[in-house]
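The primary structure of each chain is shown beneath.
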Amino acid sequence: MKLEERTVAEYHGRPVKFFDLENGHGLRVRLMNYGATLISLHIPDRTGRLEDITLGFDSFEDYLGNNPYFGATVGRYANRIGGARFVLGGQEYLLARNEGPNHLHGGLKGFDKVMWEAGPVSDSRSVGVRFNYLSPDGDEGYPGNLDCQVTYLLNENDELHLAYLATTDRPTHVNLSHHSYFNLAGSRKDNILEHELQIMASRFTPADERLIPTGEIKEVAGTPLDFLKPRSIGQRLKELPAGYDHNFILDSRGELALAARVVEPESGRVMELYTTEPGLQFYSGNFLDGTIRGKGGRPYGRHSAFCLEPQHFPDSPNKPQFPSTVLKPGEIYKSLTVFKFLTV
Ligand code: BGC
């Protein structure tokens, strides 16, 4: 197991650091303290050829420009809060509006755009980085000083563990997630339509045209959202003109369980996602339109990658029927997601 750390730039007087992790099978992960971001992830195909399977940029500076949350840690609230407001303890809180009238991925300066404290962590079978960030009371409109920790650990079972912890000094809402854009074909293909996807979810939360849940819960059976049996992402995509951008209600119940499995048939790369979260946002890269040039100058077009974001349901602060995202003083917010890589 290897871990290397280097300073690549300065941001508001603080060192921007890249952390390179490597396990005994050559899997490599690059992380950065700005946004507690995953920059790259090299995994082998069935012949052992290593390739980066995530979208992003080569240099830190590019992350400051047009960047749709590539590899970022999103918070305080991943996904949307309708009307950018909620009422908690009888008081109304107004949040930053950064998507029309709504609040998306923590606001104008969410956790993806802040500098985290970072330090290496390791044990006999894993190496990683622990990131800490203290979000001050009133940050983007949220109440309470929120003390957050995200730990990435790469182990010898070819798993990348993402463990989240948070505490607060006033009741608030928390919903942290990870926002990597994956293309398991690496550089071989510029779309993910032939990836075979399985999502362990029988139900989803229908949403309005601005992607705020209506509050209903529906069965995926008979809809293009039925991924209970593996099938290609492209197979029924045409039935959804806006593409996939939906919150699936996972069938698991709070324990760490398999939430999704993705197979890229040509390379043989497989990614399994396990999480303790109740929901999973599946986003098929609909808003990528080729204007962003990423690693190696490559233009990122529509459907050039997919996101699978383990999280609580969108707009939970305004939907009392959804699992609660309230965190109170004395409680510990805990969440775990595991990406496991293998080949077929
Ligand atoms: C959302 C998309 C959004 C993307 C980038 C995803 O989590 O579901 O609607 O466009 O993030 O902001």
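Along each chain, residue indices are assigned from 1 in the same order as the chain's sequence is written. With the structure being a predicted model, the display of local features is reserved for residues of pLDDT at least 70 and the display and counting of side-chain atom pairs for 80 or more, all residues being used for whole-chain, interface and lining totals. For side-chain calculations, the full set of non-hydrogen atoms in the structure is used, while hydrogens and water are omitted.

1. Here's the deal with the nonpolar core
Most often, soluble globular proteins keep nonpolar side chains buried together rather than apart.
So, step 1. Definition of nonpolar core: a set of buried residues of the types Ala, Val, Leu, Ile, Met, Phe, Trp, Tyr and Cys, connected through side-chain atoms within 4.5 Å. Whether a residue is buried, partly exposed or exposed follows from its accessible area with a 1.4 Å probe, protein chains only, as a fraction of its type maximum: under 20%, in between, or over 50%, in that order. In terms of nonpolar packing, the biggest core is built from 57 residues, with Leu 31, Trp 116, Ile 199, Phe 282, Phe 306 and Leu 308 touching the most fellow members.
So, step 2. It is strand S13 (residues 146–155) that provides the largest number of residues to this core, a total of five residues.
So, step 3. Grouped together as the second largest cluster of nonpolar side chains are 20 residues, Ala 9, Tyr 34, Leu 55 and Phe 70 included. Each helix corresponds to a stretch of at least 4 residues labelled H or I by DSSP, and each strand to a stretch of at least 2 residues labelled E; elements are numbered beginning at the N terminus.

2. So, the side chain of Asp 315
So, step 1. Checked against the element boundaries, Asp 315 lands in the loop between strand S25 (307–311) and strand S26 (326–327).
So, step 2. Among the residues examined, Asp 315 registers a relative accessible area of 3% and is labelled buried.
So, step 3. Here a polar contact is taken to be a pair of N or O atoms separated by no more than 3.5 Å, where protein atoms must pair a possible hydrogen donor with a possible acceptor and residues adjacent in sequence count only if both atoms sit in side chains. Side chain to side chain, Asp 315 and Asn 318 meet in a polar contact 2.9 Å long.

3. Remarks on unusual backbone geometry
When glycine is set aside, most residues are seen to have a negative phi, and most peptide bonds are trans.
So, step 1. Looking along the chain, the bond that leaves Gly 75 and enters Arg 76 is cis, with omega of 0°.
So, step 2. Relative to the assigned elements, Arg 76 resides in the loop between strand S6 (72–74) and strand S7 (80–81).
So, step 3. The residue Ala 36 is not glycine, and still its phi comes out positive at about 45°.
So, step 4. Note on placement: Ala 36 falls in the loop between strand S3 (28–32) and strand S4 (37–44).
So, step 5. According to the relative accessible area criterion, Ala 36 is buried, its value standing at 0%.
So, step 6. The backbone phi angle of Asn 79 is positive, close to 75°, even though this residue is not glycine.
So, step 7. For Asn 79, the position within the fold is in the loop between S6 and S7.

4. A closer look at the sheet that holds strand S11 (residues 117–123)
So, step 1. Reading across the sheet, the nine strands line up as S11-S12-S13-S14-S27-S23-S22-S17-S20 and stay open at both edges, with antiparallel pairing between neighbours. Looking at the sheet topology across the chains shown, the edges are occupied by S11 and strand S20 (231–232). If DSSP finds at least two bridges between two strands, the strands pair.

5. A short note on the sheet that holds strand S2 (residues 14–22)
To summarise the sheet geometry, strands pair through backbone hydrogen bonds and adopt either a parallel or an antiparallel arrangement.
So, step 1. Here five strands make up an open sheet; going across it, the order is S1-S2-S3-S4-S5 and the pairing antiparallel. Looking at strand neighbours, the two that pair on one side only are strand S1 (2–11) and strand S5 (50–52), the edges of this open sheet. On average, each strand axis in the sheet is tilted by 15° relative to the strand beside it, whichever way the strands run.
So, step 2. Taken together, the five bridges between S3 and S4 define a ladder with antiparallel strand orientation. For Val 29, the partnering residue across the bridge sits in S4 and is Leu 41. Fitted lines through C-alpha atoms serve as axes, helices being fitted only where they are in contact, and the angles separating the N-to-C directions of these axes extend from 0 to 180 degrees.

6. Looking at the environment of Phe 18
So, step 1. Within the secondary structure, Phe 18 sits in strand S2.
So, step 2. Residues are treated as being in contact if the distance between any of their heavy atoms lies within 4.5 Å. Leaving out residues up to four positions away in the same chain, Phe 18 has contacts with Glu 4, Glu 5, Arg 6, Val 8, Arg 30, Leu 31, Met 32, Ile 39, Asp 58 and Phe 60.

7. Re the site of the ligand
So, step 1. Inspection of the region around the ligand gives Tyr 69, Arg 80, Leu 104, His 105, His 179, Tyr 181, Leu 211, Asp 245, Gln 281, Tyr 283, Phe 287 and Glu 309 as its neighbouring residues.
So, step 2. The contact in question runs from an oxygen atom of the ligand to an N or O atom on the side chain of Arg 80, over 2.7 Å.
So, step 3. With respect to the ligand, the side chain of His 105 contributes an N or O atom lying 3.0 Å from an oxygen atom.
So, step 4. Here the ligand, which alone exposes 310 Å², has 94% of that area covered by the protein.
So, step 5. Each residue belonging to the shell around the ligand can be placed in one class, and the counts come to six nonpolar, three polar and three charged. The near set for a molecule or strand comprises every residue that places at least one heavy atom within 4 Å of it. Each accessible area is a Shrake-Rupley result for a 1.4 Å probe, and residues are judged covered by the shown protein chains and nothing else. Asp, Glu, Lys and Arg are counted as charged, while Ala, Val, Leu, Ile, Met, Phe, Trp, Tyr, Cys and Pro are counted as nonpolar; the rest, among them Gly, fall into the polar class.

8. What to know about the pairing of strand S9 (residues 91–94)
So, step 1. Two elements, strand S8 (residues 85–88) and S9, share four bridges in a ladder whose sense is antiparallel. Looking at the pairing, Phe 86 lines up with Tyr 93 of S9.
So, step 2. Linking two consecutive strands that pair antiparallel, namely S8 and S9, is a turn of two residues; a positive phi of about 60° is found at Gly 89 within it.

9. Things to note about the pattern of salt bridges
So, step 1. In the sections that follow, a salt bridge refers to a side-chain nitrogen of Lys or Arg positioned within 4 Å of a carboxyl oxygen of Asp or Glu. Counting across every chain of the model gives 19 salt bridges.
So, step 2. Close ionic contact of Glu 5 with Lys 17 constitutes a salt bridge, the shortest N to O distance being 3.1 Å. Taken together, the positions of Glu 5 in strand S1 and Lys 17 in strand S2 put the pair twelve residues apart, joining distant regions of the chain.
So, step 3. Between Glu 272 and Arg 261 there is a salt bridge whose closest N-O contact spans 2.8 Å. Linking Glu 272 in strand S23 (residues 269–275) with Arg 261 in strand S22 (residues 257–264), this pair joins segments that are eleven residues apart in sequence.
So, step 4. On the basis of relative accessible area, Arg 261 is assigned to the partly exposed category, the value being 24%.
So, step 5. Each member of the salt-bridge network shares a partner with another, and the members are Arg 49, Glu 51 and Arg 269.

10. Focus on the pairing of S11
So, step 1. Inspection of the sheet shows S11 paired to strand S12 (residues 126–135) by seven bridges, in the antiparallel sense. Counterpart to Gly 119 in the pairing with S12 is Arg 130.
So, step 2. Once S11 ends, the chain turns through two residues before running back antiparallel as S12.

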